[in-house]
Amino acid sequence: MKIESQKELISGFQHLELLANQVVEGFISGMHKSPFHGFSAEFAEHKVYNKGESTKHIDWKLYAKTDRLYTKKFEEETNLRCHLIIDNSSSMHYPKLNSNQLFYQSKIGFSVLASAVLMNLLKKQRDAVGLSIYSDKYEYYAPEKGSDRHHRMLLNQLENTLTASVSNKSTDTVTYLHQIAEKMHRRSMIVLFTDMFQYADSDKLFNALQHLKHDKHKVIVFHVTDEETELKFDFDTTPRKFIDLETGEMINLFADQVKQDYFKTAQNYFKEIALVCAQNKIKYLPVNVGANFEKILTTYLAEKQMFG
């Protein structure tokens, strides 16, 4: 589905829901080529058979088609609780898009659509999903539920996040990750979308990420960036005015004069985050705005399989 303007695409949550569904359906249809072979046709109705379980509900017809054992999954089953977290600070609303660009070519648009895609997948698997959105305040919280009404409420909130005013909203990731961690009373998967721009020192940020891991939660951090400009600092040689979206501070630069040093500093920061996440068994994945969502979905499914 190609829609020419942001306004048309985000005018109602039905569009976001439709787009998310198309992404998931396309992914599922190609799963026979992936390590998750066997889920596609009966995706919402089956789960992998684990050795030692009762053989009473094994689907032998599906076994004949796939040569793998699956048991029938009943509607009242909820295998997993997942809490999505979106950083909605002003820096996440970069880059500013032209009318002919797709909304998910900004960091917030990408994070919103990725969240809707994961919600769609969770709904198909009859899992429960919750949502937190923060910036310089805790903007929104909904606990994990699996109903259609809850799903639509969250989609509506994601739509509102795209269209709301975001001038000079700073990032207080540390404070709100701690608050979210305190709200998580049952073991869950926690998925965070953020650009990692924050003013607290790195140790405080890493402590907040560690807090999310308490009570044996599984944590995935998607580090969302506009790779060309925010990592590679790829601008032309003309003088430019750079404006901090969260503070309004401005600086005039010839980008090519600082490009090499900037890239080295940015790379080191990415590596530092990746190392701390690895040490704390947090899945860390940098993702570029406008990319396809296969990496998001395969990462989620792989982590879910290990969640147990």
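Note that the structure is a prediction, hence the values are computed from the model and not measured.

### Regarding the side chain of S111
Alright, step 1. Note that S111 resides in helix α4 (residues 107-124).
Alright, step 2. Among the polar contacts listed, one links the side chain of S111 to the backbone oxygen of K107, at a separation of 2.9 Å.
Alright, step 3. Not counting residues within four places of it along the chain, the set of residues in contact with S111 comprises I86, M92, F193 and V224.

### A short note on the pairing of strand β3 (residues 81-87)
Alright, step 1. Taking burial as the measure, the seven residues of β3 include seven buried ones, the bulk of the element.
Alright, step 2. Covered by surrounding structure in β3 are R81, H83, I85 and D87 together with C82, L84 and I86, the residues of both alternating faces.
Alright, step 3. Where β3 lies against strand β4 (residues 128-134), seven bridges are found, and the strand directions are parallel. Residue pairing for β4: I85 is matched across the bridge by S132.
Alright, step 4. The handedness of the β3 to β4 crossover, carried by α4, is right-handed.
Alright, step 5. With five bridges connecting them, β3 and strand β6 (residues 189-194) associate as parallel partners. When the bridges of β6 are listed, C82 appears paired with M189.

### A few points about the pattern of salt bridges
Alright, step 1. All chains considered together, the criterion is met by 12 salt bridges.
Alright, step 2. Among the ionic pairs, R81 bridges to E144, the shortest N-O distance being 3.0 Å. You can see R81 sitting in strand β3 and its partner E144 sitting in strand β5 (residues 138-145), a full 63 residues away along the chain. With respect to burial, R81 and E144 carry one shared label: buried.
Alright, step 3. Put simply, K107, D195 and E230 are held in one network by salt bridges that share partners.

### Remarks on the nonpolar core
Alright, step 1. In this structure, L113 and L158 are the most contacted members of the largest nonpolar core, which totals 48 residues.
Alright, step 2. Sort the elements by how many residues they give to this core and α4 lands first, with 11 residues.

### As for the packing of aromatic side chains
Alright, step 1. For the structure shown, the criterion picks out 12 aromatic pairs.
Alright, step 2. Aromatic pair Y138 and Y141: ring centres 6.3 Å apart, planes at 80°, arrangement edge-to-face.
Alright, step 3. The exposure class assigned to Y138 is buried, which follows from its relative accessible area of 19%.
Alright, step 4. Judged by its relative accessible area of 29%, Y141 falls in the partly exposed class.
Alright, step 5. Aromatic side chains F233 and F242 sit 5.3 Å apart centroid to centroid with 25° between the ring planes, which places their arrangement in the stacked category. F242 carries the same exposure label as F233, and that label is buried.

### Focus on the sheet that holds strand β7 (residues 218-225)
Alright, step 1. Pairing within the open sheet is mixed, and its six strands lie in the order β5-β4-β3-β6-β7-β10. Strands at the two margins of the open sheet, each flanked by one partner only, are β5 and β10 (283-288). Neighbour-to-neighbour, the strand axes of this sheet turn through a mean angle of 15°, independent of strand direction.
Alright, step 2. Across the sheet, helix α5 (residues 148-163) touches β3, β4 and β5, and the angle it forms with β4 is around 25°.
Alright, step 3. Across the sheet, helix α10 (residues 294-307) touches β6, β7 and β10, and the angle it forms with β7 is around 165°.

### Digging into the packing of helix α7 (residues 202-212) against helix α9 (residues 255-279)
Alright, step 1. Packing of α7 against α9 leaves a shortest axis separation of 11 Å and a crossing angle of 35°. When you trace α7 past α9, the crossing you get is right-handed. Of the residues in α9, those in contact with S202, L205, F206 and L209 of α7 are Y269, E272, I273, V276 and C277.
Alright, step 2. Classifying every residue of the contact of α7 with α9 gives seven nonpolar, one polar and one charged.

### What to know about the packing of α4 against α10
The description of two helices packed together rests on the angle between their axes and the distance between the axes.
Alright, step 1. Remark: α4 packs on α10, axes separated minimally by 10 Å, with the N-to-C direction vectors making an angle of 45°. Between α4 and α10, the angle is such that the two are oblique. Every pair of crossing elements has a handedness; the one defined by α4 and α10 is right-handed. Between α4, through F110, V117, L118, L121 and L122, and α10, the contact on the second element is made entirely by I296, L297, Y300 and L301.
Alright, step 2. Classifying every residue of the contact of α4 with α10 by side-chain character gives nine nonpolar, no polar and no charged.

### Quick look at a nonpolar patch on the surface
Alright, step 1. Taken together, the side chains of W60, Y63 and L69 make up a nonpolar region of the molecular surface, amounting to roughly 290 Å² of accessible area.
Alright, step 2. Of note, W60 is situated in helix α3 (residues 60-66).

Reading guide: rules and limits
- Residues numbered from 1 in each chain as written.
- Predicted model: local features only at pLDDT ≥ 70, side-chain atom pairs only at ≥ 80, totals over all residues.
- Heavy atoms only, no water.
- Helix = DSSP H or I, 4+ residues; strand = E, 2+ residues; numbered from the N terminus.
- Polar contact = N/O pair within 3.5 Å; in protein donor to acceptor, adjacent residues only side chain to side chain.
- Contact = heavy atoms within 4.5 Å.
- Buried < 20%, exposed > 50% of the residue type's maximum accessible area, 1.4 Å probe, protein only.
- Pairing = 2+ DSSP bridges.
- Right-handed = clockwise from strand over helix to strand, strands pointing away.
- Salt bridge = Lys/Arg side-chain N within 4 Å of Asp/Glu carboxyl O.
- Core = buried A, V, L, I, M, F, W, Y, C linked by side-chain atoms within 4.5 Å.
- Phe/Tyr/Trp six-rings, centres within 6.5 Å; stacked < 30°, edge-to-face > 60°.
- Axes fitted to C-alpha atoms, helices over the stretch in contact; angles between N-to-C directions.
- Left-handed = near helix turned anticlockwise from the far one by under 90°.
- Nonpolar A, V, L, I, M, F, W, Y, C, P; charged D, E, K, R; others polar.
- Parallel < 35°, antiparallel > 145°, perpendicular 65-115°, else oblique.
- Patch = residues over 30% accessible without salt bridge, like charges linked within 9 Å, V, L, I, M, F, W, Y side chains within 5 Å.
- Areas by Shrake-Rupley, 256 points an atom, 1.4 Å probe, with all protein chains shown as cover.

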